Amino acid sequence: MKLNKSNVFQCSIIDISKTHNEAGSISIVENNKSIPFEVKRIYYLYDVPGGELRGGHAHYELEQYIIAASGSFDVALYDGKDKRTVTLNRPNLALHVVPGLWRELNNFSSGSVTMVLASEVYKEKDYIRSYQEFLNKKPNDTSII
Ligand code: TYD
């Protein structure tokens, strides 16, 4: 399978609108409205020990939104040429991660919850879990989309 020419600058943070009153806040994500794909899977990471690193893979086709539903953490994105690190620390912000990028999540705050909205069901064949393999397969012309 070929890796997408995507680059880290195609990843953007969207502001999920927030309705707030004295009883708290609510943010809503709807398929094909707030986000450009149909969510096929939601998973969340929690009880992550301090200093732990998650992610450490790339996807061929899957795209996703990553949300700090609680607490904060950093998402490091690599396209083989450029690196970008995004800190997520608000439950109404979502980072769109396009296919074909290496990602690592770290600096998890205590009690943080990472929620992921994914465009595909779980398919191990869609993963590259070796950084060297990712570099070998990633096209050099990442800026040409
Ligand atoms: P993994 O992808 O390694 O987690 P992360 O990238 O967040 O560090 O997933 C951990 C384990 O969970 C691994 O054995 C695969 C399994 N898994 C599923 O079975 N289904 C899923 O949807 C996900 C995300 C993981």
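Our subject is the structure that appears above.
Residues numbered from 1 in each chain as written. Predicted model: local features only at pLDDT ≥ 70, side-chain atom pairs only at ≥ 80, totals over all residues. Heavy atoms only, no water.

**Student:** So, the site of the ligand: which residues are in play, and what are the values?
**Tutor:** Around the ligand, the structure places Arg 41, Tyr 43, Leu 45, Arg 54, Gly 55, His 57, Tyr 122, Tyr 127 and Arg 129. Note that an oxygen atom of the ligand is positioned 2.4 Å from one of the side-chain N or O atoms of Arg 41. Within the side chain of Arg 54, an N or O atom sits 2.8 Å from an oxygen atom of the ligand. Alone, the ligand offers 530 Å² of accessible surface; in the complex the protein occludes 59% of this. Looking at the shell around the ligand, the elements with two or more residues in it are strand 4 (41-45) and strand 5 (54-59). (Near = heavy atom within 4 Å. Polar contact = N/O pair within 3.5 Å; in protein donor to acceptor, adjacent residues only side chain to side chain. Areas by Shrake-Rupley, 256 points an atom, 1.4 Å probe, with all protein chains shown as cover. Helix = DSSP H or I, 4+ residues; strand = E, 2+ residues; numbered from the N terminus.)

**Student:** Pulling in residues and values, what's your account of the sheet that holds strand 1 (residues 13-15)?
**Tutor:** Read across the sheet, five strands follow the order 1-9-6-11-4 without closing on themselves; strand pairing throughout is antiparallel. Across the chains shown, the open sheet's two edge strands, defined by having one partner strand only, are strand 1 and strand 4. Taking each pair of neighbouring strands and ignoring which way they run, the sheet shows an average axis angle of 25°. Where strand 6 (residues 64-70) and strand 9 (residues 93-97) come together, four bridges link them in antiparallel fashion. Residue pairing across strands places Ile 67 opposite Ala 94, the latter belonging to strand 9. (Pairing = 2+ DSSP bridges. Axes fitted to C-alpha atoms, helices over the stretch in contact; angles between N-to-C directions.)

**Student:** Can you explain the packing of aromatic side chains? Please cite residues and give values.
**Tutor:** Working definition: an aromatic ring pair is given by the centre-to-centre distance plus the angle between the planes. Overall, the coordinates contain eight aromatic pairs when judged by the stated rule. Put simply, the rings of Tyr 78, Trp 102, Tyr 131 and Phe 134 pair up and form one aromatic cluster. (Phe/Tyr/Trp six-rings, centres within 6.5 Å; stacked < 30°, edge-to-face > 60°.)

**Student:** An account of the nonpolar core is needed here, citing residue identities and associated values.
**Tutor:** Counting residues in each nonpolar core, the largest one holds 18 residues, and the members touching the most others are Ile 66, Phe 73, Val 75, Leu 77, Leu 88, Leu 95 and Leu 105. With near-sequence residues (within four places) excluded, Phe 73 lies in contact with Ile 66, Ile 67, Ala 68, Val 86, Thr 87, Leu 88, Leu 105, Asn 106, Asn 107, Phe 108, Val 113 and Thr 114. With eight residues, the next largest nonpolar core counts Leu 3, Ala 76, Trp 102 and Ile 128 among its residues. (Core = buried A, V, L, I, M, F, W, Y, C linked by side-chain atoms within 4.5 Å. Buried < 20%, exposed > 50% of the residue type's maximum accessible area, 1.4 Å probe, protein only. Contact = heavy atoms within 4.5 Å.)

**Student:** With reference to specific residues and values, describe the sheet that holds strand 5.
**Tutor:** Sheet architecture is open: five strands sit in the order 8-7-10-5-12, paired in antiparallel fashion. At either end of the open sheet lies a strand with only one pairing partner, and these are strand 8 (83-88) and strand 12 (127-128). Judged from the two bridges that link them, strand 5 and strand 12 form a sheet pairing that is antiparallel. Opposite His 59, over in strand 12, you have Tyr 127 as the bridge partner.

**Student:** Give a detailed account of the side chain of Ser 112, specifying residues and quantitative values.
**Tutor:** Relative to the assigned elements, Ser 112 resides in the loop between strand 10 (102-106) and strand 11 (113-118). Engagement of the side chain of Ser 112 in a polar contact is seen with the backbone oxygen of Ser 109, the distance being 3.0 Å. When neighbours within four sequence positions are excluded, Ser 112 is seen to be in contact with Leu 45, Tyr 46, Asp 47, Ser 70, Gly 71 and Ser 72.

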